[in-house]
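Listed below, chain by chain, are the residues.
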Amino acid sequence: MTGETTPRQVLYALVAAGFLVVVAVLTVGAAAAGLTPRWWSLTLALMIAMSGSWMVANWRRTAVVLSLSIGVFVVWLIGTLIFAG
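Residues numbered from 1 in each chain as written. Predicted model: local features only at pLDDT ≥ 70, side-chain atom pairs only at ≥ 80, totals over all residues. Heavy atoms only, no water.

Chemist: Quick question: what am I supposed to make of helix α2 (residues 38–57) here?
Modeler: Residue pairs spaced three or four apart in an α-helix point in one direction, given the helix's 3.6 residues per turn. With 20 residues, α2 extends 29 Å from end C-alpha to end C-alpha; this agrees with the ideal 28 Å at 1.5 Å per step. Within the span of α2, buried status applies to Trp-40, Ser-41, Leu-44, Ile-48, Ser-51, Gly-52 and Met-55. Across the axial projection of α2, the buried residues extend over an arc of 100°, all falling on one side. Exposed residues on α2 whose side chains face more than 90 degrees from its buried face are Arg-38, Leu-42, Leu-46, Met-50 and Ala-57. Along its buried surface, α2 packs onto α1 (7–32) and α3 (62–83). (Helix = DSSP H or I, 4+ residues; strand = E, 2+ residues; numbered from the N terminus. Expected span 1.5 Å × (residues − 1). Buried < 20%, exposed > 50% of the residue type's maximum accessible area, 1.4 Å probe, protein only. Arc of directions from axis to C-beta. Contact = heavy atoms within 4.5 Å.)

Have a look at this one:
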């Protein structure tokens, strides 16, 4: 993408980063409470790290970055509901 960075791109990148932070906190919380198996928490930690790394390099691609961060949240939600208990 060429041109100047817009305030909207910065805002969307921050919102996407916020989603990843929330998922990270929820993952740690579920693991600490013993709600999920260890392998699920480690898988999510790896997914969050890989997604975050890609998002740092491509933060100007707002649609993809937001979709990825929301997708990670949805994966956490569905997986945690399945594996909780």
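Chemist: Would you explain the packing of aromatic side chains in this entry?
Modeler: Aromatic rings in a pair are described by how distant their centres are and how their planes are angled relative to each other. Tallying each qualifying case throughout the model produces five aromatic pairs. Residues Trp-39 and Phe-83 carry aromatic rings whose centres are separated by 4.9 Å and whose planes lie at 75° to one another, so their mutual orientation is edge-to-face. Separated by 44 residues along the polypeptide, Trp-39 in helix α2 and Phe-83 in helix α3 bring together distant segments of the chain. Plain terms: the ring middles of Trp-40 and Phe-83 are 5.1 Å apart, the flat faces sit at 50° to each other, and that makes the pair tilted. Of this pair, Trp-40 sits in helix α2 while Phe-83 sits in helix α3, and the two are 43 residues apart along the sequence. (Phe/Tyr/Trp six-rings, centres within 6.5 Å; stacked < 30°, edge-to-face > 60°.)

Chemist: Please explain the side chain of Thr-36 as it appears in this structure.
Modeler: Structurally, Thr-36 is set in the loop between α1 and α2. Non-local contacts of Thr-36, meaning those with residues more than four positions away in its chain, are made with Ala-30, Ala-31, Ser-41, Thr-80 and Phe-83.

Chemist: What am I meant to see in the packing of α2 against α3 here?
Modeler: When two helices pack together, their arrangement is given by the angle between their axes and by how far apart the axes lie. In the contact formed by α2 and α3, the axes pass within 11 Å of each other and the chain directions differ by 175°. When the axes of α2 and α3 are compared, the pair comes out roughly antiparallel. Only Val-64, Val-65, Leu-68, Ser-69, Val-72, Val-75, Trp-76, Gly-79, Thr-80 and Phe-83 of α3 make contact with α2, whose side of the interface consists of Trp-39, Trp-40, Leu-44, Met-47, Ile-48, Ser-51, Trp-54 and Met-55. Residue composition of the contact of α2 with α3, by class: 14 nonpolar, four polar and no charged. (Axes fitted to C-alpha atoms, helices over the stretch in contact; angles between N-to-C directions. Parallel < 35°, antiparallel > 145°, perpendicular 65-115°, else oblique. Nonpolar A, V, L, I, M, F, W, Y, C, P; charged D, E, K, R; others polar.)

Chemist: Just to check I follow, could you spell out the nonpolar core for this structure?
Modeler: As a rule of thumb, soluble globular proteins bury nonpolar side chains together. By size, the foremost hydrophobic cluster in this structure holds eleven residues: Ala-16, Leu-20, Val-23, Trp-40, Leu-44, Ile-48, Met-55, Val-65, Leu-66, Val-72 and Trp-76. Counting only elements with at least two residues in this core, the list comes to α1, α2 and α3. Setting aside residues no more than four positions away along its own chain, Leu-20 makes contact with Ile-48, Ser-51, Gly-52, Met-55 and Val-72. (Core = buried A, V, L, I, M, F, W, Y, C linked by side-chain atoms within 4.5 Å.)

Chemist: Teacher, can you tell me more about a nonpolar patch on the surface here?
Modeler: Among the surface-exposed residues, Trp-39, Ile-70, Val-74, Leu-77, Ile-78, Leu-81, Ile-82 and Phe-83 lie close enough to one another that they form a single nonpolar patch of about 750 Å² accessible area. By residue number, the principal contributor to the nonpolar patch is α3, which donates seven residues. Positionally, Leu-77 belongs in helix α3. (Patch = residues over 30% accessible without salt bridge, like charges linked within 9 Å, V, L, I, M, F, W, Y side chains within 5 Å. Areas by Shrake-Rupley, 256 points an atom, 1.4 Å probe, with all protein chains shown as cover. Salt bridge = Lys/Arg side-chain N within 4 Å of Asp/Glu carboxyl O.)

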